[in-house]
Amino acid sequence: MLRRTYLGLEIRERQLHALAVQRRGKHVALTGGGVVPLPEGVLQPGFPSPNVKAPTPFVAAVKELVTPLAKGDNRIAVALPDRAGRLFLLDIETPFKGRSEGTEIIRWQLKDALPDRSRQVAIDYQILEEKESGHKKVLAAIITQDVLTQYEALIEQAGFAPAVVDFHSLALYNAYWTKIDLGRDFILIGVDGCQLSLMVFANQVLCYQRSRRIGRNPDEVFQELNRSLVTCRRSTSNFNRMPVYLHSDWNEDGLDQAVASAFDQEVQRLVSPVSKLMNGHQADFPGADAAGMAAALGVVERLMTRV
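The structure presented is a predicted model; accordingly, all values stated were derived computationally and were not measured.

Student: Help me understand the overall build of the protein in this model?
Tutor: Along the protein, the regular secondary structure elements total eight helices and 13 strands. Principal-axis analysis of the C-alpha atoms gives the protein an extent of 50 × 45 × 40 Å. Residues classed as buried in the protein amount to 53% of the 307 residues present. Restricting the contact set of the protein to residue pairs at least 6 apart, pairs at least 24 apart contribute 65%.

Here it is in structure tokens:
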């Protein structure tokens, strides 16, 4: 029986991570995965201008990594670094119907936060909560058209068709939320490579989000979390009683303690859902790297739900 292969690619500043999965009845089976490095200077994530500074080695790295996994399929889901765009949590009182109308309202509401050429910004959004009055809490994802177009064009040059494009922190959350009962009120910390993300959920609705670039140093994680928590504690009720979950692909000693010290409570380290998918299967990457594949899994599962 021929099965479709679904491809997920996570793009980082110094690495590409990819995996391939297939549906096996009601279950998802991991069929392969891998990591390839990017030379320094090839990719510089940022909001205003195209991120890939050396397209030729970037395209070569995508080909090297993904082609052996594809088995003839070329549709791919892509998780970009959070710094490639911006995420906004918005309260919208103006009623709207349809995606296009909602996009224009968000564009107007963010007019002071967007570049002067705001029409050249791609906007996607998700309604997180809606009240009877029509008031909506919305998560808006923003990326300049130049940045998005370059990523899509270079991935197409490598032989693949981007069907889903998301940001790292959202893909990371997507990898866990259907598999683990995190509760209704919780805090999710992601430490992957040089990115730190903080997401706070109240009544299962995202109410605070922040991402920062960090060095591979637990002390820097502690410092960045402390900066974020000043605002977060003031704006979120029940904050001090929320459980804190930590996802990380680091092996450095002291990370768990640094996060626990920032929150002044015990932290629960999450087991990567990719580790559970492996289930004894020898993938193209060692088990120690499974945590680094979580965002790639999260974004490829979005692709699977669209088919």
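Student: For this particular structure, what's the right way to read the layout of surface pockets?
Tutor: Using a probe with the size of a water molecule, rolled over the atoms, empty space left in the structure can be pinpointed. Roughly 930 Å³ of volume is contained in the largest pocket. Residue lining of the largest pocket: 33 residues in total, with Gln-126, Leu-139, Asp-166, Leu-170 and Arg-302 positioned closest to the centre. Elements with a minimum of two residues in the lining of the largest pocket: β6 (121–130), β7 (136–144), α3 (145–157), β8 (161–167), α4 (168–177), β10 (195–202), β11 (205–213) and α8 (294–306). Its residues assigned to classes, the lining of the largest pocket shows 23 nonpolar, four polar and six charged. Its boundaries defined by the atoms lining it, the second largest pocket holds a volume of some 410 Å³. Around the second largest pocket, the lining is made up of 26 residues, and of these Arg-12, Gln-15, Asp-192, Gly-193 and Asp-249 lie nearest the centre. For the lining of the second largest pocket, the elements supplying multiple residues, two or more each, are β1 (6–11), β2 (15–24) and β11. Grouping the amino acids of the lining of the second largest pocket by side-chain chemistry returns six nonpolar, eight polar and 12 charged.

Student: Honestly, the sheet that holds strand β4 (residues 75–80) in this entry has me stumped. Any pointers?
Tutor: The sheet built from five strands is open, its strands ordered β3-β2-β1-β4-β8 with mixed pairing. Single-partner strands in this sheet number two, and they are β3 (27–37) and β8. Across the sheet, the mean angle separating the axes of adjacent strands is 20 degrees when strand polarity is ignored. For β4 and β8, the ladder comprises six bridges, and the chain directions are parallel. What sits directly across from Leu-80, in β8, is Phe-167. Strands β1, β2, β3 and β4 of the sheet are contacted by helix α1 (residues 55–70), whose axis makes an angle of about 20 degrees with β2. Across the sheet, α8 touches β1, β2, β3, β4 and β8, and the angle it forms with β1 is around 140 degrees.

Student: Looking at this model, I keep getting lost on α8. Mind explaining?
Tutor: Helical periodicity: at 3.6 residues per turn, an α-helix aligns residues three or four positions apart in one direction. Over its 13 residues, α8 extends 19 Å from the first C-alpha to the last, a length consistent with the 18 Å expected when each residue adds 1.5 Å. By the criterion of burial, α8 is predominantly enclosed, with 10 of the 13 residues buried.

Student: Sorry if this is basic, but what is going on with the sheet that holds strand β12 (residues 244–248) here?
Tutor: Strand-to-strand pairing in sheets goes through backbone hydrogen bonds, with the strands running parallel or antiparallel. Taken together, five strands build an open sheet; the order of strands is β11-β10-β9-β12-β13 and the sheet is mixed. In this open sheet, the two strands that pair with only one neighbour each are β11 and β13 (267–269). Averaged over all adjacent pairs, the angle separating strand axes in this sheet is 20 degrees, with direction ignored. Alignment of β10 against β11, held across eight bridges, turns out to be antiparallel. Bridged to Met-199 within β11 is Gln-209.

Student: Just to check I follow, could you spell out the pattern of salt bridges for this structure?
Tutor: Any two side chains of opposite charge can pair, so long as their charged atoms come close to each other. If you walk through the whole model with that rule in mind, you get 15 salt bridges. The salt bridge involving Glu-10 is made with Arg-12; its shortest N-O contact spans 3.0 Å. Note on Glu-10: relative accessible area 2%, which makes it buried. Across the pair Glu-13 and Arg-213 runs a salt bridge, and its minimum N-O distance is 3.0 Å. Here Arg-213 lies in strand β11 and Glu-13 lies in the loop between β1 and β2, a separation of 200 residues in the sequence. Using a relative accessible area of 15% as the deciding quantity, one classes Glu-13 as buried. Among the charged side chains, a salt-bridge network with shared partners connects Glu-10, Arg-12, Asp-192 and Asp-249.

Student: Mind showing me how you'd approach the pairing of β6 here?
Tutor: Working note: regular strand, side chains alternate between the two faces of the sheet. Relative to β7, β6 is paired through nine bridges, and the arrangement is antiparallel. Note on β7: the bridge partner recorded for Gln-126 is Leu-139. What sits between the antiparallel neighbours β6 and β7 is a turn of five residues, in which Gly-134 has the positive phi angle 100 degrees.

Student: Would you mind going over the packing of aromatic side chains with me for this structure?
Tutor: Any two aromatic rings considered together are summarised by their centre-to-centre distance and by the angle between their planes. Using the criterion set out here, one finds seven aromatic pairs in the structure. Taken together, a centroid distance of 4.6 Å and an interplanar angle of 15 degrees make the contact between Phe-186 and Phe-201 stacked. Of this pair, Phe-186 sits in strand β9 (residues 186–192) while Phe-201 sits in strand β10, placing them 15 residues apart in sequence. Comparing Phe-186 with Phe-201 shows no difference in burial state: the two are buried.

Student: Any chance you could explain the nonpolar core here in plain terms?
Tutor: Most often, soluble globular proteins keep nonpolar side chains buried together rather than apart. In terms of nonpolar packing, the biggest core is built from 50 residues, with Leu-9, Ile-11, Leu-16, Phe-58, Val-66, Tyr-151 and Phe-160 touching the most fellow members. In terms of residues, this core owes the most to one element, α1, which gives eight residues. Leave out the neighbours within four places in its chain, and Val-66 touches Leu-7, Leu-9, Ala-18, Ile-76 and Phe-160. With 23 residues, the next largest nonpolar core counts Ile-189, Leu-196, Cys-232 and Leu-255 among its residues.

Parameters at a glance
Residues numbered from 1 in each chain as written. Predicted model: local features only at pLDDT ≥ 70, side-chain atom pairs only at ≥ 80, totals over all residues. Heavy atoms only, no water. Helix = DSSP H or I, 4+ residues; strand = E, 2+ residues; numbered from the N terminus. Buried < 20%, exposed > 50% of the residue type's maximum accessible area, 1.4 Å probe, protein only. Contact = heavy atoms within 4.5 Å. 1 Å grid on protein atoms, 1.4 Å probe; cavity = no way out; pocket = protein on both sides within 12 Å on 5 of 7 lines; lining within 4 Å. Points joined across faces, edges and corners; volume = space filled by probe spheres on them. Nonpolar A, V, L, I, M, F, W, Y, C, P; charged D, E, K, R; others polar. Pairing = 2+ DSSP bridges. Axes fitted to C-alpha atoms, helices over the stretch in contact; angles between N-to-C directions. Expected span 1.5 Å × (residues − 1). Salt bridge = Lys/Arg side-chain N within 4 Å of Asp/Glu carboxyl O. Phe/Tyr/Trp six-rings, centres within 6.5 Å; stacked < 30°, edge-to-face > 60°. Core = buried A, V, L, I, M, F, W, Y, C linked by side-chain atoms within 4.5 Å.

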